[in-house]
Amino acid sequence: MILIIDFGSQYNQLIARRVREHRIYCRIEPPQISTAEIKAMAPEGIILSGGPASIYEKKSPRVDLGIFDLGIPILGICYGMQYMADALGGKVKKAEKREYGLAELRIKNAAGIFSGIEKKTKSWMSHGDTVGSLPKGFRVTASTASTNVAAMENPAKKFYGLQFHPEVDHTPKGKRMLKNFLFATCKCKKTWTMKSFIKESIKEVKHLVGDKKVILGLSGGVDSSVTALLLHRAIGKQLTCVFVDNGLLRQDEAEQVKLLFKKRFKMNLKFVSAKRAFLNRLKGVVDPEKKRKIIGRTFIEVFEKEARKLRGVKFLAQGTLYPDIIESKSAYGGPSAVIKSHHNVGGLPKDMKLKLIEPLKHLFKDEVRVLGKELGLTEDLVWRQPFPGPGLAIRIISDVTQARLSILRNADAILLEEIRKSGLYRKLWQSFAVLLPLKSVGIMGDQRTYEYIAAIRAVTSADAMTADWARLPHSLLGRISNRIINEVRGVNRVVYDISSKPPSTIEWE
Ligand code: XMP
């Protein structure tokens, strides 16, 4: 495995992805990790990440100096290289000219980390400090017009430093450099496969759970579904999944979950129909945040009630993913992540003292999809677009009623059917319908109509932090509009949302 020390760079997860693409397991840990802990992990190599700090700031992140005596190859990137230079007796200074963006790298010797790379290549720079003098045993291996030490190495110790970012696409030969470090220097083997992950996880879960029982809140989304399947493989009927039908789901969604998990996978599934409780509490509520709070609270109540009915439950399983975990342990450790890691089920029944099981906590989303496929999850579910916990309630602008839910559900089903047919479903981050509380005038046959407006939202995005409205073909928009107006009673006008995030958001509420 490869250990990545997190000095706070925005690219850390990208480094991890690059390592895993080579089927090498890696972990991201904060700089507070001790040398003893690192030794116990026995990594084949260590990568010191970049970060926003300056080495001479009092609070700049530092890792135990003992890592340089472990005999393990180390690659320092940007701040990671400056830290290495400083820690080993070199000097870091403010750069005369800060360097941001693309710079031509002049490689002195196409060996070591630069093995097989031409002498002039592009590199992505983003730094205000620079290594002024090298630590003993090091030599300069590449420069740019404004940075003398753009790369350095101590081949005897297998220590390498890169001032630029090899993990980003803007450094075209960056992948080759990382490959050189991983295979030629660290002698890593390609052993990280989903089959090996499944085997290891099953062993771990069995050992942890013993003969006790586990409960899981199943939402029908990718993360909780894959968690359910993995645990089911490990402990079978000791796992009980609780699915809460809050009445705010899309067409056929609840039935599909029942069919798949109960009938096909033969799991213990507690199907709780709580539509009435949710809808009663939402009566007359217009404010989006109030809707969210009501739905969250009601969910916890229903879930807790079911959990109490099951005797002997000692564990609560959650589909927490690696990005949530990294955030909670990052160099500057934000408190937000603590909230996030519990947001899957909304909260633990405190007096039940359930222990957490999070079998996906070292995986990225795309790895969870591969795992899901490996465990026999349907393509449909593996590639499901995200759907918010509060469901259709935050897509009905204004208060939620049965009648409005039914209109929105029908319009949304048509939209999704057409998006799927067009082959665009997977290319879109999300695509859905929104029901506006406005009525407008229309004409159908010889009749004047006065009905609701439905909005269509389709966005592309990598992580929901930013999003762009999808340029759907006009012919597809035409079909969707035509079908919704003709087939959904209560809608006589369809509009397309052409706002990006920011400044808008993906959901309307
Ligand atoms: P926004 O609307 O903030 O959405 O651009 C970003 C992503 O988060 C989803 N979303 C939610 N998910 N509970 C959830 O579980 C919520 O209250 C919630 N609000 C928004 C949204 O669907 C998008 O993927």
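Residues numbered from 1 in each chain as written. Predicted model: local features only at pLDDT ≥ 70, side-chain atom pairs only at ≥ 80, totals over all residues. Heavy atoms only, no water.

### Section: the pairing of strand β5 (residues 91-107)
Now for step 1: Bridging between β5 and strand β6 (residues 120-133) involves twelve bridges; their strand directions are antiparallel. Residue pairing across strands places Tyr100 opposite Ser126, the latter belonging to β6.
Now for step 2: The pairing of β5 with strand β7 (residues 139-143) spans two bridges and is antiparallel. Each bridged residue has a counterpart across the sheet, and for Arg106 the counterpart in β7 is Ser143. (Pairing = 2+ DSSP bridges. Helix = DSSP H or I, 4+ residues; strand = E, 2+ residues; numbered from the N terminus.)

### Considerations on the environment of Val495
Now for step 1: By secondary structure assignment, the location of Val495 is in strand β18 (residues 491-496).
Now for step 2: Overall, Val495 belongs to the partly exposed group, its relative accessible area being 34%.
Now for step 3: Residues Val495 and Gly389, spaced 106 residues apart in sequence, show a C-alpha to C-alpha distance of 25 Å.
Now for step 4: Setting aside anything within four residues of it in sequence, one finds Val495 in contact with Ile453, Ala454, Ala455 and Ile456. (Buried < 20%, exposed > 50% of the residue type's maximum accessible area, 1.4 Å probe, protein only. Contact = heavy atoms within 4.5 Å.)

### Quick word on the pattern of salt bridges
Now for step 1: In total, this model carries 34 salt bridges according to the counting rule given.
Now for step 2: One salt bridge connects Arg27 with Glu29, and the closest N-O pair in it is separated by 3.4 Å. Accessibility classification places Arg27 together with Glu29 in one group, the buried group.
Now for step 3: Across the salt bridge formed by Arg483 and Glu417, the nearest N and O atoms sit 3.3 Å from each other. Here Arg483 is found in helix α15 (residues 474-487), whereas its partner Glu417 is found in helix α14 (residues 402-421), with 66 residues between them in sequence. (Salt bridge = Lys/Arg side-chain N within 4 Å of Asp/Glu carboxyl O.)

### Here's the deal with the sheet that holds strand β11 (residues 239-245)
Now for step 1: One open sheet accounts for five strands, arranged β12-β11-β10-β13-β14; its pairing is parallel. Strands at the two margins of the open sheet, each flanked by one partner only, are β12 (268-273) and β14 (355-357). Between one strand axis and the next, the sheet turns through 30 degrees on average, direction left out of account.
Now for step 2: Relative to β11, strand β10 (residues 213-217) runs parallel, the two sharing four bridges. Across the sheet, residue Val214 finds its bridge partner in β11, namely Leu239. (Axes fitted to C-alpha atoms, helices over the stretch in contact; angles between N-to-C directions.)

### With respect to a positive patch on the surface
Now for step 1: Taken together, the side chains of Arg23, Arg176, Lys179 and Lys190 present a region of like positive charge at the surface.
Now for step 2: Looking at the secondary structure, you find Lys190 in the loop between α4 (174-185) and α5 (194-209).
Now for step 3: For Lys190, a relative accessible area of 45% translates into the label partly exposed. (Patch = residues over 30% accessible without salt bridge, like charges linked within 9 Å, V, L, I, M, F, W, Y side chains within 5 Å. Areas by Shrake-Rupley, 256 points an atom, 1.4 Å probe, with all protein chains shown as cover. Lys, Arg positive; Asp, Glu negative; His and termini not counted. Charge placed at Lys NZ, Arg CZ, Asp CG, Glu CD.)

### A few points about the packing of α14 against α15
Now for step 1: Viewed as axis vectors pointing N to C, α14 and α15 meet at an angle of 150 degrees, and their least axial separation amounts to 9 Å. The angle between α14 and α15 falls in the class roughly antiparallel. Crossing of α14 against α15: the hand is right-handed. In contact with Ala411, Ile414, Leu415, Glu417, Glu418, Ile419 and Lys421 of α14, α15 contributes Leu476, Arg479, Ile480, Arg483, Ile484 and Glu487.
Now for step 2: Split by residue class, the contact of α14 with α15 holds seven nonpolar, no polar and six charged. (Parallel < 35°, antiparallel > 145°, perpendicular 65-115°, else oblique. Left-handed = near helix turned anticlockwise from the far one by under 90°. Nonpolar A, V, L, I, M, F, W, Y, C, P; charged D, E, K, R; others polar.)

### A look at the packing of aromatic side chains
Now for step 1: Under the counting rule described, the total for this entry stands at twelve aromatic pairs.
Now for step 2: Both rings, one in Trp192 and one in Phe197, keep their centres 5.7 Å apart while their planes meet at 80 degrees; by these two values the pair is edge-to-face. For the residue pair Trp192 and Phe197, the accessibility class agrees, reading buried in each case.
Now for step 3: Both rings, one in Phe243 and one in Phe271, keep their centres 5.4 Å apart while their planes meet at 25 degrees; by these two values the pair is stacked. Taken together, the residues span a long stretch of sequence, with Phe243 in strand β11 and Phe271 in strand β12 at a distance of 28 residues.
Now for step 4: With relative accessibility at 26%, the residue Phe271 sits in the partly exposed group.
Now for step 5: Taken together, the ring pairs connect Phe7, Phe68, Tyr79, Tyr83 and Phe159 into an aromatic cluster.
Now for step 6: We note Arg250 situated over the ring of Phe387; from NZ or CZ to the ring centre the distance is 3.8 Å. (Phe/Tyr/Trp six-rings, centres within 6.5 Å; stacked < 30°, edge-to-face > 60°. Lys NZ or Arg CZ within 6 Å of the ring centre and 35° of its normal.)

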